[in-house]
Amino acid sequence: MHNTKKEKISSVKGMNDILPPASAGWEWLEAKVRDLMARYAYRNIRTPIVENTALFVRGLGEVTDIVEKEMYSFEDRLNGELLTLRPESTAGVVRAVTEHSLLYDGGKRLYYMGPMFRHERPQRGRYRQFHQIGAEALGFPGAEVDAELILLANALWKELGLENIRLELNTLGQPAERKAHRAALIQYFEQHLESLDDDAKRRLHSNPLRILDSKNPAMQGLIEGAPRLRDYLDAESLAHFELVTAILDANGVAWQFNARLVRGLDYYNRTVFEFVTDDLGSQGTICGGGRYDYLIEEIGGKPAPAVGWAMGVERVFELLNLKSQAFPMPAPDAYAVLPDAHLIPAATVVLEALRRAGVQVQMHTPGSASDGMGSMKSQLRRADASGARHAIIFGADEFARGACVIKSLRDGTGAQSEQPLADAGIWAVSLILSATS
Ligand code: ATP
Ligand code: MG
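Conventions and cut-offs
Residues numbered from 1 in each chain as written. Chains lettered and ligands numbered in written order. Predicted model: local features only at pLDDT ≥ 70, side-chain atom pairs only at ≥ 80, totals over all residues. Heavy atoms only, no water. UniProt positions renumbered as here; feature names shortened; annotations may be inferred. Helix = DSSP H or I, 4+ residues; strand = E, 2+ residues; numbered from the N terminus. Buried < 20%, exposed > 50% of the residue type's maximum accessible area, 1.4 Å probe, protein only. Contact = heavy atoms within 4.5 Å. Pairing = 2+ DSSP bridges. Axes fitted to C-alpha atoms, helices over the stretch in contact; angles between N-to-C directions.

Looking at an unreviewed UniProt entry, the protein carries the name Histidine--tRNA ligase, with the source organism given as Simplicispira suum. Quoted verbatim from the Subunit (unreviewed entry) field of the UniProt record, the comment on the protein reads "Homodimer." The UniProt entry for the protein carries the following comment under Sequence similarities (unreviewed entry): "Belongs to the class-II aminoacyl-tRNA synthetase family."

**Some remarks on the side chain of Ser-89**
One can find Ser-89 in the loop between strand S4 (82-85) and helix H4 (90-99). We classify Ser-89 as buried; its relative accessible area is 2%. Apart from the residues lying within four places of it in its own chain, the contact partners of Ser-89 are Thr-47, Tyr-112, Met-116 and Gln-132.

**Quick look at the sheet that holds strand S15 (residues 403-408)**
Note: strands within a sheet are paired through backbone hydrogen bonds, in either parallel or antiparallel orientation. With mixed pairing, 5 strands are arranged side by side in an open sheet as S13-S12-S14-S15-S16. Looking at strand neighbours, the two that pair on one side only are strand S13 (361-363) and strand S16 (416-420), the edges of this open sheet. In this sheet, neighbouring strand axes are inclined to one another by 25° on average, regardless of whether the strands run parallel or antiparallel. Across 5 bridges, the pairing between S15 and S16 is antiparallel. In the strand pairing of S16, Val-405 is matched with Glu-418.

Written as structure tokens, this is what we have:
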């Protein structure tokens with residue numbers, strides 16, 4: 001015996017446990033997502049959490065926030081490979097689709113859910129381990145798929161009962177169109193050098209697009225008059241964008257054009273979009289995505305178009321938690337009250353029969369070995385606290401008659417009835433059915 005108390009080990013900063021009862025909300029949301037994905041014929045894909053670092057460097061682009069400063073990268077001690085905890089899943093999905101030639105017989109609609117890792121400053125809506133749900137449609141060039149993905153996300157907000165989410169939409173055109181626009185921007189700003197602030201002068205040749213984001217009031221007039229990417233889109237790109245918006249309009253999905261929406265990652269082309277809420281302060285983007293027709297090629301696959309989105313699950317919960325009763329809290333159908341310890345073996349046989357029949361049953365269990373089972377009264381108090389709709393009481397007298405007592409806990413009547421121990425599978429249904437009333 002020694003008394004040295006061990007120091008506690010706590011979780012890693014920015015990485016959270018998801019505990020009951022909140023975890024029931026996660027299961028509820030995941031079930032909704034699975035159901036909805038099936039209705040749009042999206043199939044589940046599960047890729048490793050660890051990938052080769054090169055996948056993200058190439059896939060996301062070297063000068064993105066994620067690759068420059070947010071990745072958890074390490075060297076495999078055993079073989080020296082450079083590995084990274086996935087900061088997002090699109091790159092992994094594209095790698096898997098390419099590695100297994102999934103596009104050989106046509107496009108694929110895929111979805112995933114899981115943890116992602118980014119070394120950011122933890123704050124509300126921003127964590128180091130967080131979760132994304134994402135949908136990707138690979139191998140389809142058409143704008144109707146862009147729109148389908150947006151409709152799918154929009155349907156998810158409806159299913160979850162979320163409101164106050166707006167859709168911002170932009171088109172980035174194709175690389176050649178962006179290049180022509182960039183050249184025109186540089187030329188335009190060069191003609192107005194005297195009106196540029198220092199920041200803008202510095203960015204003029206490296207990143208002229210960023211000048212458009214300037215908050216400097218003195219430059220707003222100049223920015224207003226700058227060449228717009230929209231005017232550099234060819235007929236095909238324009239038609240693509242118009243079909244996306246026509247489908248959204250036909251379905252009554254409101255959207256706002258946002259020419260400044262470029263998204264953080266390098267790989268997007270044509271359609272980009274974000275679902276944004278004002279209810280979460282500065283972490284208001286709950287879902288973002290777009291078309292990425294050049295990524296598959298970039299990762300070494302046979303060129304194929306693709307489009308997708310990813311949503312931040314924690315941010316969705318922060319929105320849900322603003323509403324009361326957003327999702328049902330779990331409670332068993334029945335709580336087994338066992339005042340007589342020697343009846344436990346026989347009672348468990350009845351409980352097993354009920355569970356086989358689909359009833360959710362929680363058995364009374366004392367907290368410590370010396371407690372005994374506790375009085376009927378204290379067990380019924382526990383039954384009540386469990387949220388169960390019924391108590392199943394295994395009293396000695398009824399037991400001797402081959403019966404147990406079902407007591408109603410939630411309808412205010414406290415009504416009791418006897419049921420035979422032998423036919424639990426038959427009356428099980430009454431415990432389940434009354435769950436819906
Ligand atoms: P932000 O601008 O908020 O940093 P992002 O552009 O980096 O977002 P994406 O890479 O597009 O985000 O990821 C898609 C979604 O994942 C985001 O819209 C957000 O809801 C969520 N998300 C991103 N980073 C985090 C994080 N560190 N913690 C929680 N959720 C996150
Ligand atoms: Mg970010």
